[in-house]
Amino acid sequence: MADSTAPLARTLSQFTREGEIYERLPQDAVRCFACGHRCFIPEGRPGICKVRFNQGGTLQVPWGYVGALQVDPVEKKPFFHALPGALALSFGMLGCDFHCGYCQNWITSQAIRDPDAVSSPEQVTPGQLVSLARRHEAAILASTYNEPLITSEWAMAIFKEARRAGLVCAYISNGNGTDQVLDYIRPYVRLYKVDLKSFRDRNYRVLGGTLKNVLETIVTLLRKGFWVEIVTLLIPGFNDSEEEITDIARFLAGVSPDIPWHVTAFHKDYKMTDPDNTPAATLVRAAEIGRTEGLRFVYAGNIPGGVGDFENTRCPKCAALLVQRAGYRILDYRITPRGSCPECDATVPGLWRGGAYHAPQGSPGAAEPAGATGAPS
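Only a predicted model underlies this, so the values are computations on that prediction, with no experimental measurement involved.

**Section: unusual backbone geometry**
The omega torsion across K77 and P78 is -10°, close enough to zero to call that bond cis. The topology assignment puts P78 in the loop between β8 (68-73) and β9 (87-92). Even without being glycine, R38 reaches a positive phi, approximately 45°. If you trace the backbone, R38 turns up in the loop between β3 (30-32) and β4 (40-41). Residue class for R38 comes out partly exposed when judged on its relative accessible area of 32%.

**Let's talk about the packing of aromatic side chains**
Scanning all chains against the criterion turns up 10 aromatic pairs. Where F80 meets Y299, the ring centres are 4.7 Å apart and the plane angle is 65°; that geometry is what we call edge-to-face. Taken together, the positions of F80 in the loop between β8 and β9 and Y299 in strand β16 (residues 298-301) put the pair 219 residues apart, joining distant regions of the chain. Taken together, the ring pairs connect F91, F159, Y171, Y192 and F226 into an aromatic cluster. The ring centre of F226 lies 4.7 Å from the NZ or CZ of R186, which sits over that ring. R190 extends its terminal NZ or CZ atom over the ring of Y357, reaching a point 5.3 Å from the ring centre.

**Looking at the sheet that holds strand β19 (residues 329-333)**
Spatially, the three strands line up as an open sheet ordered β17-β18-β19, and their pairing is antiparallel. Because the sheet does not close on itself, it has two edges, and the strands there are β17 (313-314) and β19.

**Quick look at the environment of C344**
Its place among the elements puts C344 in the loop between β19 and β20 (350-351). Take C344: its relative accessible area is 25%, and that puts it in the partly exposed class. The spacing of C344 and C318 is 26 residues in sequence and 6.8 Å in space, taken between C-alpha atoms. Ignoring any residue separated from it by four or fewer positions in sequence, one finds C344 in contact with C315, K317 and C318.

**Thoughts on helix α9 (residues 280-292)**
The end-to-end C-alpha separation of α9 is 18 Å, in line with the 18 Å expected for 13 residues at 1.5 Å each. Those residues of α9 not exposed but buried are T282, L283, A286, A287, I289 and G290. All buried residues of α9 lie within an arc of 155° about the axis, which places them on one face of the element. Across α9 from its buried face, at more than 90 degrees, point the exposed residues A281 and T292. At the exit of α9 stands G294, carrying a positive phi of roughly 110°.

**Thoughts on the side chain of T232**
Positionally, T232 belongs in strand β14 (residues 227-234). Excluding residues that lie within four positions of it along the chain, T232 makes contacts with L196, N239, I248, W261, H262, V263 and T264.

**Quick word on the sheet that holds strand β15 (residues 261-265)**
Two pairing modes exist for strands in a sheet, parallel and antiparallel, and in both the strands are linked by backbone hydrogen bonds. Read across the sheet, eight strands follow the order β8-β9-β11-β12-β13-β14-β15-β16 without closing on themselves; strand pairing throughout is mixed. A single partner strand is all that each edge strand has here, and the edge strands are β8 and β16. Sheet twist, expressed as the mean angle between neighbouring strand axes with direction ignored, is 20°. Of the strand pairs in this sheet, β9 and strand β11 (residues 140-143) are connected by four bridges, and their pairing is parallel.

**Section: the pairing of β11**
Alternating positions in β11 separate into two faces, I140 and A142 on one and L141 and S143 on the other, with burial throughout. Both β11 and strand β12 (residues 168-173) contribute to a ladder of four bridges, which runs parallel. Considered in β12, the bridge of A142 is made with A170.

**Some words on the pattern of salt bridges**
Taken as a whole and assessed by the stated rule, the structure comprises 17 salt bridges. For K212, the salt bridge identified is with E216, shortest N-O distance 2.5 Å. Remark: E216 and K212 occur in helix α7 (residues 211-224); sequence separation between them is four residues, near one turn of the helix. Taking the relative accessible area as the measure of exposure, E216 reaches 38% and is therefore partly exposed. Ionic pairing is found between D309 and R314, a salt bridge with its closest N-O pair at 2.8 Å. Look at D309 and you get partly exposed, because its relative accessible area is 30%.

What counts, and at which threshold
Residues numbered from 1 in each chain as written. Predicted model: local features only at pLDDT ≥ 70, side-chain atom pairs only at ≥ 80, totals over all residues. Heavy atoms only, no water. Helix = DSSP H or I, 4+ residues; strand = E, 2+ residues; numbered from the N terminus. Buried < 20%, exposed > 50% of the residue type's maximum accessible area, 1.4 Å probe, protein only. Phe/Tyr/Trp six-rings, centres within 6.5 Å; stacked < 30°, edge-to-face > 60°. Lys NZ or Arg CZ within 6 Å of the ring centre and 35° of its normal. Pairing = 2+ DSSP bridges. Contact = heavy atoms within 4.5 Å. Expected span 1.5 Å × (residues − 1). Arc of directions from axis to C-beta. Axes fitted to C-alpha atoms, helices over the stretch in contact; angles between N-to-C directions. Salt bridge = Lys/Arg side-chain N within 4 Å of Asp/Glu carboxyl O.

Below, the structure written as structure tokens:
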């Protein structure tokens, strides 16, 4: 790519079609509801994400390509309560509604903003992606690598075919949602991971969002019946104080004590190279705080072997070992086909092998949505 992002923007403008999550306004303006910015977009201008734009009073949105594609263990997403050991075909497009200085997927997410982010779109059809997932025996199809909310129309075209093929569909997201976009994706998206990046609004403003909207999205996701897991990347000096960690854990436990919370380690990346890498001791301390505040499933990730038992899933009633992990590998799986503990028969919230599903305790969206498919065995 040249020393400007303009050539890429022009290329991406060819991979578009009219969006569905927006309203028309006077004077050929539009209002987009794909993310929490709810952009007012005059004719001829893009939204904050740079990939949804107003052309003659019509919102054009990304369509028909991928910017990244890979097969991963579902634990890498990370989901620990969704078909442990399954493979996920992960795809992404380009662009994001945030601009995090430590983004580990910046090559795709910041491709329109940053001339150093060199990514090329590859044309593909929904059927080809579903066939690829089946060829690799992936039970899950995940929209990730950039912010999936801003490319939801394309993701739903893929996920409609994926659901018919018996695949489970997932979003890996920053959680900057709206009621409109969550209602739009709900018939097809079963799993939803939110990066809760901080519990301080000033930090979110630096990243390009607001704390309030992400917290509201988490509550709404549970109410609408998604399976939700939360990840917090702990960055020294940014969000790793005991007070802030406690605030996050207390909030999540107040929404539901069954929400799995993953605390993960920062490493120097993209534009954030000043903080030290996060030590394992910080993750263990955060996980202990989560347990103290009432969360029943707290995990410390991406330092395999350095966080003790916080890689494993234990029964919330009798503490029996249910899923033993080493990094992304499943060493032992003991959850029954009913989704329960083999020792005391307590149900375990999550989506388990064979299709058993138990919603989080206290979740307003505890009922399984109409038409949801069972998980592949």
